[in-house]
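Observations on the model geometry
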There are 2 protein chains.
Amino acid sequence: MSEQTTITSTDLIISQVISAWAAQNKTVTDFFNKQPDEAYLQPVAPGRNRAIYLLGHIIAANDMMLPMFFLGDSLYPELVADFLDTPDNPDTVMPSVAELKEKWTTLNTTLAGHFANMDAASWLARHNRVSPEDFAKEPHRNKLNVLINRTNHQTGHAGQLALMRF
Amino acid sequence: MSEQTTITSTDLIISQVISAWAAQNKTVTDFFNKQPDEAYLQPVAPGRNRAIYLLGHIIAANDMMLPMFFLGDSLYPELVADFLDTPDNPDTVMPSVAELKEKWTTLNTTLAGHFANMDAASWLARHNRVSPEDFAKEPHRNKLNVLINRTNHQTGHAGQLALMRF
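First, a word on what this report is: a plain description of the structure on this page. (Residues numbered from 1 in each chain as written. Chains lettered and ligands numbered in written order. Predicted model: local features only at pLDDT ≥ 70, side-chain atom pairs only at ≥ 80, totals over all residues. Heavy atoms only, no water.)

Looking at the relation of the copies chain A and chain B
At an RMSD of 0.0 Å, chain A and chain B line up after a rotation of 180° and a shift of 0.0 Å along the axis. Each copy turns onto its partner about a two-fold axis. In terms of proximity to the rotation axis, the leading residue of chain A is Gly156(A), whose C-alpha is 2.1 Å off the axis. A shared binding surface is used by both copies, with 100% of the interface residues of chain A retained as interface residues in chain B. (Least-squares fit on C-alpha atoms with pLDDT ≥ 70 in both. Contact = heavy atoms within 4.5 Å.)

Below you can see the structure in the form of structure tokens.
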């Protein structure tokens with residue numbers, strides 16, 4: 001196998017992982033785009049998280065990739081307390097659905113732009129929650145692994161959103 | 001970058017994709033292992049699929065990987081009609097929970113055994129639903145892509161199972 005071939009294999013697999021992320025991301029976008037704003041205040045199942053919470057929750061979780069990938073600060077740190085650190089709470093004063101949708105779109109565009117510019121070496125480098133010393137022993141703790149985990153995170157919640165009836 | 005390094009990168013990423021599969025698989029296993037049999041007859045949300053259906057559904061979907069990967073026939077083709085081709089139907093005569101759990105365990109062991117013996121070239125080769133001619137033009141239609149998609153499939157349903165209350 002030539003070096004050319006093996007480099008292509010690595011790039012191919014990385015592009016497949018990014019495509020899986022983008023596909024799941026689009027599933028969530030499509031769901032939210034077809035719902036009227038009032039639907040967001042319904043829980044996905046009786047007594048469970050409301051759709052508006054899940055939208056903010058997925059934004060906050062995905063937004064973490066920016067600092068984790070050394071790409072700057074999170075865009076929306078103000079969402080962490082209410083959407084990531086705590087469960088859905090009816091007393092929380094939430095942003096409007098329109099604001100959250102705008103954040104969702106802006107974040108996705110920002111992440112897609114960064115992902116398009118990252119090469120294989122960058123994807124396979126450490127993220128900021130693992131020290132260089134630990135990373136030397138555990139090379140799977142790279143940025144690509146974070147993307148795989150975030151893909152599964154949003155996919156699990158997309159499965160819950162799919163249960164809603166309108 | 002030496003050839004040694006690039007081959008290692010490819011193997012590393014493939015192992016990460018397999019690990020993500022295994023982790024999501026374990027989430028489903030852990031869920032089912034802690035529920036009493038009668039819980040399987042409850043829907044994950046009012047009017048939605050029952051847990052017993054989702055267990056059979058995920059088995060049938062994952063089982064497809066055996067023929068798709070040229071690893072032989074599916075273990076449980078008898079599940080396809082009731083669990084994959086049709087939605088949950090209360091009139092379906094289903095296998096017992098004990099039988100389904102045994103199939104789940106056997107299938108996971110079988111798949112894990114095969115995955116452990118597949119090298120990078122095999123993961124990046126075509127699956128059986130794409131022709132050699134189409135694969136030459138679309139090299140991302142490989143076995144690893146099927147595994148990524150099956151991981152997301154079971155993750156979405158795991159998210160739904162997590163909504164159940166007991």
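Considerations on the pattern of salt bridges
All names here are of chain A. Taken as a whole, this structure holds 10 salt bridges over all chains when the rule is applied. Residue Asp 30 pairs with Lys 26 through a salt bridge whose shortest N-O separation is 2.8 Å. Linking Asp 30 with Lys 26, this pair stays in helix H1 (residues 3-33), spanning 4 residues, or about one helical turn. (Salt bridge = Lys/Arg side-chain N within 4 Å of Asp/Glu carboxyl O. Helix = DSSP H or I, 4+ residues; strand = E, 2+ residues; numbered from the N terminus.)

Topic: the interface of chain A and chain B
Facing 36 residues of chain A, the contacting portion of chain B comprises 36 residues. A buried area of about 2900 Å², summed over both sides, lies between chain A and chain B, and 60% of it is on carbon and sulfur atoms. The interface formed by chain A and chain B contains 0 salt bridges. Summed over the shared surface of chain A and chain B, the number is 13 residue pairs in polar contact (both at pLDDT 80 or more). (Buried area = accessible area lost by both parts, 1.4 Å probe. Polar contact = N/O pair within 3.5 Å; in protein donor to acceptor, adjacent residues only side chain to side chain.)

What about helix H5 (residues 97-117) of chain B?
Residues and elements named next belong to chain B. The end-to-end C-alpha separation of H5 is 31 Å, in line with the 30 Å expected for 21 residues at 1.5 Å each. The complete set of buried residues in H5 reads Val 97, Leu 100, Lys 103, Trp 104, Leu 107, Asn 108, Leu 111 and Phe 115. Considered in projection along H5, the buried side chains sweep an arc of 130° and stay on one side of the axis. Among the exposed residues of H5, those pointing more than 90 degrees away from its buried face are Glu 102, Thr 109, Ala 116 and Asn 117. (Expected span 1.5 Å × (residues − 1). Buried < 20%, exposed > 50% of the residue type's maximum accessible area, 1.4 Å probe, protein only. Arc of directions from axis to C-beta.)

Some points on the packing of helix H2 (residues 51-63) of chain A against helix H8 (residues 143-161) of chain A
Residue and element names in this part refer to chain A. One can describe the packing of H2 onto H8 by two numbers: an axis separation of 10 Å at closest approach and a directional angle of 175°. The orientation of H2 relative to H8 falls into the category roughly antiparallel. Contacts between H2 and H8 involve Ala 51, Leu 54, His 57, Ile 58, Ala 61 and Asn 62 on the former and, on the latter, Arg 150, His 153, Gln 154, His 157, Gln 160 and Leu 161. Taken together, the residues of the contact of H2 with H8 sort by class into 5 nonpolar, 6 polar and 1 charged. (Axes fitted to C-alpha atoms, helices over the stretch in contact; angles between N-to-C directions. Parallel < 35°, antiparallel > 145°, perpendicular 65-115°, else oblique. Nonpolar A, V, L, I, M, F, W, Y, C, P; charged D, E, K, R; others polar.)

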